[in-house]
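Understanding the architecture of this molecule
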Amino acid sequence: MSTMYSAKVMDHFANPRNVGELADANGVGEVGNAKCGDIMKMYLKIENNVIEDVKFKTFGCGAAIATSSIATEMIKGKTIDEALQLTNKAVVEALDGLPPVKLHCSVLAEQAVKSALSDYYTRQGVDPTPIIGCMSDDCHACSCEGQHE
Amino acid sequence: MSEKIIYVDNAATTPTHGKVLEAMLPYFCENYGNPSSVYSLGRDNRQAVDHARGQVAKALNCLPQEVYFTAGGSESDNWAIKGTAHKLAAKGKKHLITTAIEHHAVLHSMAALEREGFEVTYLPVDENGLVSAASVEAAIRPDTALVSIMYANNEIGTIEPIAEIGAICRKKGVWFHTDAVQAVGAVPIDVQAQNIDMLSLSAHKLNGPKGIGAFYCRRGVLPTTLIDGGAQESGRRAGTENVPAIVGLGKAIELATSDIASKAAKLSAMRDYVIERIMKNVPEVKLNGHPTKRLPGNVNFSFKACEGESLLLFLDMKGICASSGSACTSGSLDPSHVLLAIGLPHEVAHGSLRISFGVQNTMEEAAQLCDILENVVEEVRRRSPLWHKNNNEINK
């Protein structure tokens, strides 16, 4: 079967890793919006600065599912600092590339991780802004947003 | 991976019928003459083109000389709209009327005219995709040049009240064009009885070849030409005739319209089976389009909390070819303009799936499709953060 996606993307789409929710999550982030057609929700279980478990749920296209899936793999077992280093570029490279119109999905994946970490800090009583930066409520960094309205 | 493909995207294109291909083949290597030539090799081809013109005329109940061959539905739409506007602008008629749910060949032609200074009224449709004939009548002004309203919608399958609109336009003396690309061969059409002045059709939607279509233009209705050059097509559409394709179109339209009733019965049986079964077995699904005034082969669902491209990728993995109106599949960032025009919120429009049956499909395929689709929707929802929310709302 030939698709617009790499074999790696299709693997993560067909067999996504870490789908679901975490009842005992201590960091939960949601980015994107239904109007855009992409919503990613990420659940983190952090202990001693390490991401012990991670789950996600995504409403979106094949690329959105695949970027969320691989992002969970890339941060699982890592420290918070390491997870904060995750870039959308690294997500794209790990998936052997994405079609240009789908690059914003990788940005969403990066943001979903940061949003969940931001929530973790807030729950710990720490202001996340100096650590993570300003988290917007919707997909501002998403290239589509500017053209939308 | 499934070995067998179930192709249910016949509104996008159809496989060429074997008899159509057979009719076309002699016109490549044997009868290759130019129909404009005087020797017999060319004259035979002139006859072949005229024969096809007669086949199209018979299907529409018009005169052969009212049929012009074009490169397809898009060219025919462009010709009707731009040609009429440019012709009647000289008489001070610079207003056109259409609907919000037309194919882009119509909408973008209208937009091009707006940039030239023409004014366009886009009529709204109701939640089923129907435009009201009364709204057409109310929109007509003394300076209205053209009413262009599709016969049947390509996404949601809704069939518009064409005869009613035709009668109004004729009464008001306004030219009436219909994009009938999805309708020809699916529903009976009679351009005389329905007061249609211009009509666009395309061969590849009715098991003919791609790249060939026809433009019906009633005697006395003379939009300006789009393609200028040689004297082909009565001097109104230049370019050496694509003889094999024209022969293919003639054969395809003859086959498609020879027994519309039994073909429609076959397609609507599959359509109704899928609609009934999916609506029964899958929760939170909405049927888009009119419940009864609907193309026989068209099914269009919105699955709550599902995104269309995900549905299509899964279906593709199972060997099923369908389509969606989600932004991800439209190449733009907004979901389908048709689904938005019938009032669907963005997130519901993103979750649409179009299944369009053709003559080659079977009831067995329709059943297999449902088996697979039911599982696919469940899997896409399992991954969706919106589905959880919906469930909570429902269970409150």
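For every chain, the first residue of the written sequence is number 1, and numbering continues from 1 onward in sequence order. Written order determines the labels here, with chains lettered from A and ligands numbered from 1. Residue-level local features of this predicted model are given only where pLDDT is at least 70; pairs of side-chain atoms are given and counted only at 80 or more, and the full residue set underlies all totals for whole chains, interfaces and linings. Hydrogen atoms and water are omitted, and side-chain values are computed over all heavy atoms in the structure.

1. As for the overall build of chain A
Put simply, the test is: Secondary structure counts use DSSP, requiring at least four H or I residues in a row for a helix and at least two E residues in a row for a strand, with both numbered from the N terminus. Only protein chains enter the area calculation, which uses a 1.4 Å probe; residues under 20% of their type maximum are buried, those over 50% are exposed, and those in between are partly exposed. We call two residues contacting when some pair of their heavy atoms lies within 4.5 Å.
Across its full length, chain A holds 7 helices and 3 strands. Ordered by position from N to C terminus, the α and β elements of chain A give α-β-β-β-α-α-α-α-α-α. For chain A, buried positions account for 56% of its 149 residues. Pairs at least 24 apart in sequence give 62% of the contacts found in chain A among residues at least 6 apart.

2. A short note on the domain arrangement of chain B
Many structure descriptions define interface size as the accessible area lost when the parts assemble. Residues and elements named next belong to chain B. Going by this rule: A domain assignment, automatic or from a database, supplies the domain bounds used here. Two parts placed together each lose some accessible area under a 1.4 Å probe, and the buried area is that loss summed for both.
Domain assignment breaks chain B into domain 1 (18-258) and domain 2 (260-395). Once you take the C-alpha centre of each, domain 1 and domain 2 turn out to be 30 Å apart. Each partner contributes residues to the interface: domain 1 has 29 residues there, and domain 2 has 22 residues. Buried surface at the junction of domain 1 and domain 2, summed over both partners, amounts to about 2,000 Å²; 58% is from carbon and sulfur atoms.

3. Focus: the nonpolar core
Definition in use: Take the buried Ala, Val, Leu, Ile, Met, Phe, Trp, Tyr and Cys residues and link them wherever side-chain atoms come within 4.5 Å; each set so joined is a nonpolar core.
Grouped together as the largest cluster of nonpolar side chains are 72 residues, with contacts concentrated most on Leu117 of chain A together with Val274, Phe303 and Phe357 of chain B. Sequence-distant contacts of Phe303 of chain B, defined by excluding residues within four places in its chain, comprise Ile278, Val282, Glu284, Val285, Leu311, Gly351, Leu353, Leu373, Val377 and Arg381 of chain B. In terms of nonpolar packing, the next biggest core, distinct from the first, is built from 65 residues, Ala59, Ile97, Ile165 and Ile342 of chain B among them.

4. Focus: unusual backbone geometry
Despite not being glycine, Asn49 of chain A has its phi angle at roughly 70°, a positive value. Residue placement: Asn49 of chain A occurs in the loop between strand 2 (38-47) and strand 3 (50-59). Judged by its relative accessible area of 43%, Asn49 of chain A falls in the partly exposed class. The phi torsion at Asn207 of chain B lies on the positive side, around 65°, for a residue other than glycine.

5. A few points about the interface of chain A and chain B
Basically, it comes down to this: The salt bridge definition used is simple: a Lys or Arg side-chain nitrogen within 4 Å of an Asp or Glu carboxyl oxygen. Think of a polar contact as two N or O atoms within 3.5 Å of one another; within protein, one of them needs to be a possible hydrogen donor and the other a possible acceptor, and neighboring residues in sequence only count if both atoms come from side chains.
With 29 residues of chain A in contact, the opposing surface of chain B contributes 23 residues. Carbon and sulfur atoms supply 65% of the area that chain A and chain B bury against each other, a total of about 2,300 Å² over both sides. The tally of links from chain A across to chain B stands at 1 salt bridge. In this structure, Lys102 of chain A and Glu309 of chain B form a salt bridge, with 2.6 Å as the shortest nitrogen-oxygen distance. Counting every contact that joins chain A to chain B gives 10 residue pairs in polar contact (both at pLDDT 80 or more). Only helix 1 (7-14), strand 2, strand 3, helix 2 (62-75) and helix 7 (145-148) of chain A provide two or more residues apiece to the side of chain A that touches chain B.

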